[in-house]
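Single-letter residue listing:
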Amino acid sequence: QQVTLARNDHYYAVQPERTRPYLDKVVLRTYPSPSEALTALAHGDIDGVGGLSTGDAERARALNDVNLFSFPTNDVTALFLNVRPAKQQFRETAVRQAIATAIDEGAVLDAAVDGRGRVADEMVPPTSWAYVKDVPTFAHSVEQAKAMLDGADWKDHDGDGIRDKNGVKLAFDLSTSDEPPRVAAAAQIRDDLLKVGIAATVRSVPFNALVEGVVQSRAYDALLIGITGSGDPEPYPLFHSSEVAPPGHNLSGYFTLAIDRALEAARKTSDETQRRDLIAPVFDAIATEEPVIFLYFSDYLYAQSKQVQGLRIMPITSPSERLWNVGDWYVKTAIKR
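For clarity, every value in this text was computed on a predicted model and none was experimentally measured.

Let's shift gears to helix H7 (residues 207–215). Since the α-helix advances by 3.6 residues per turn, residues separated by three or four positions end up pointing in the same direction. All of the buried residues in H7 are Leu210, Val214 and Val215. For H7, the arc enclosing every buried residue in end-on projection is 75 degrees, short of the 170-degree limit, so these residues lie on one face. Of the exposed residues in H7, those oriented more than 90 degrees away from the buried face are Asn208 and Glu212. Residues of H7 that are buried make contact with strand E8 (171–177), strand E9 (199–205) and strand E10 (222–227).

In structure tokens, the structure reads:
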């Protein structure tokens, strides 16, 4: 139920300014849920709790003696459009670009996580070494999205309010998990697309059912899902042809020979500059073709008692990294006389 981390009196990172970290120890306790841990924080049983949902974060904000912190992360939520041959709706690049243009990513961020994060334009944030500047972007515009669809002859030919072409409706199921942030994001996307004559029906199921059933069988038109980022981004699983079939992670089914070769070459070097140069055309192609629409990076929410001082915010790639400068934390201030 708990682990005690004792102070290392020879910890190098605090020297030479001082001889040791301030705290004698840090006790990590486990709880069945973040909500129960937050209740313990409110009662003064613990001093901090991480991994809060947006709703629990609002509870934390209401506590008088608690600070709420948002750590930027590499965790990105994305909309995968299934471009496999059976999905005629997404076959044309213009349709995928119009969908990206119709979606108000800022509104999706607000709806899903109360704005606690950043809008995404590729699979890594600007703080990552792998970030590629100046990839193509499709700014939100209802009128522009309509014009793109009109230009591709996706029009409301039968007058029912939904665009169609050659007897195919521009309508699809949007599959996601039943977690509140995902459902809220999906609902915002549905509403945005309806404004331009695209009908998306939200299908939400428990996360395990989504992964083990819908994802593995590729039984989806579009898939809204989160991708856990890391400090060393790896685009290979998402875009290489070898990952198209289950249990691979190329969820959109999009690939090209040029992308395959670039991803394979990037795996053969550990030099970050060379790797970025190799994956740059991959990110550029994905941003242009839009088989995947990257929506937003979510923050890691952490509440901590105001009695604990010294915490500093930085981008993190795993929850444990919220403790990155714990050697500087303190609960009492010595007064020199």
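Now that the structure has been shown, the text picks up again.
The next subject is the side chain of arginine 84. For arginine 84, the location among the structural elements is in the loop between strand E4 (66–81) and helix H3 (93–102). No salt bridge is formed by the buried arginine 84; its nearest oppositely charged neighbour, glutamate 243, is found at 9.5 Å. Here asparagine 250 takes part through its backbone oxygen, which lies 3.2 Å from a polar atom of the side chain of arginine 84. Only 3.2 Å separates the side chain of arginine 84 from the backbone oxygen of leucine 251, close enough to count as a polar contact. When residues no more than four places from it in sequence are discounted, the contact partners of arginine 84 are Arg218, Tyr220, Val244, Asn250, Leu251, Ser252 and Gly253.

A word on a nonpolar patch on the surface. The grouping of Val3, Leu5 and Leu28 at the surface amounts to a nonpolar patch, some 230 Å² of accessible area in total. Looking at the element boundaries, leucine 28 is found in strand E2 (residues 25–29).

Turning to unusual backbone geometry, a few remarks are in order. Residue proline 16 is reached from glutamine 15 by a cis peptide bond, and omega for that bond is 5 degrees. Relative to the assigned elements, proline 16 resides in the loop between strand E1 (2–6) and E2. Omega for the peptide link from proline 246 to proline 247 comes to 5 degrees, which places this bond in the cis form. With respect to the helices, strands and loops of the structure, proline 247 is situated in the loop between helix H8 (236–239) and helix H9 (257–266). Positive phi values are uncommon outside glycine, yet arginine 218 reaches one of about 55 degrees. Summarising the element assignment, arginine 218 is placed in the loop between H7 and E10. Its relative accessible area of 10% is what places arginine 218 among the buried residues. Although it is not a glycine, glutamate 290 adopts a positive phi angle of roughly 55 degrees. With respect to the element layout, glutamate 290 can be found in the loop between helix H10 (272–289) and strand E11 (292–305). We classify glutamate 290 as buried; its relative accessible area is 8%.

Rules behind the numbers
Residues numbered from 1 in each chain as written. Predicted model: local features only at pLDDT ≥ 70, side-chain atom pairs only at ≥ 80, totals over all residues. Heavy atoms only, no water. Buried < 20%, exposed > 50% of the residue type's maximum accessible area, 1.4 Å probe, protein only. Helix = DSSP H or I, 4+ residues; strand = E, 2+ residues; numbered from the N terminus. Arc of directions from axis to C-beta. Contact = heavy atoms within 4.5 Å. Lys, Arg positive; Asp, Glu negative; His and termini not counted. Salt bridge = Lys/Arg side-chain N within 4 Å of Asp/Glu carboxyl O. Polar contact = N/O pair within 3.5 Å; in protein donor to acceptor, adjacent residues only side chain to side chain. Patch = residues over 30% accessible without salt bridge, like charges linked within 9 Å, V, L, I, M, F, W, Y side chains within 5 Å. Areas by Shrake-Rupley, 256 points an atom, 1.4 Å probe, with all protein chains shown as cover.

Taken by themselves, the reported measurements are silent on function.
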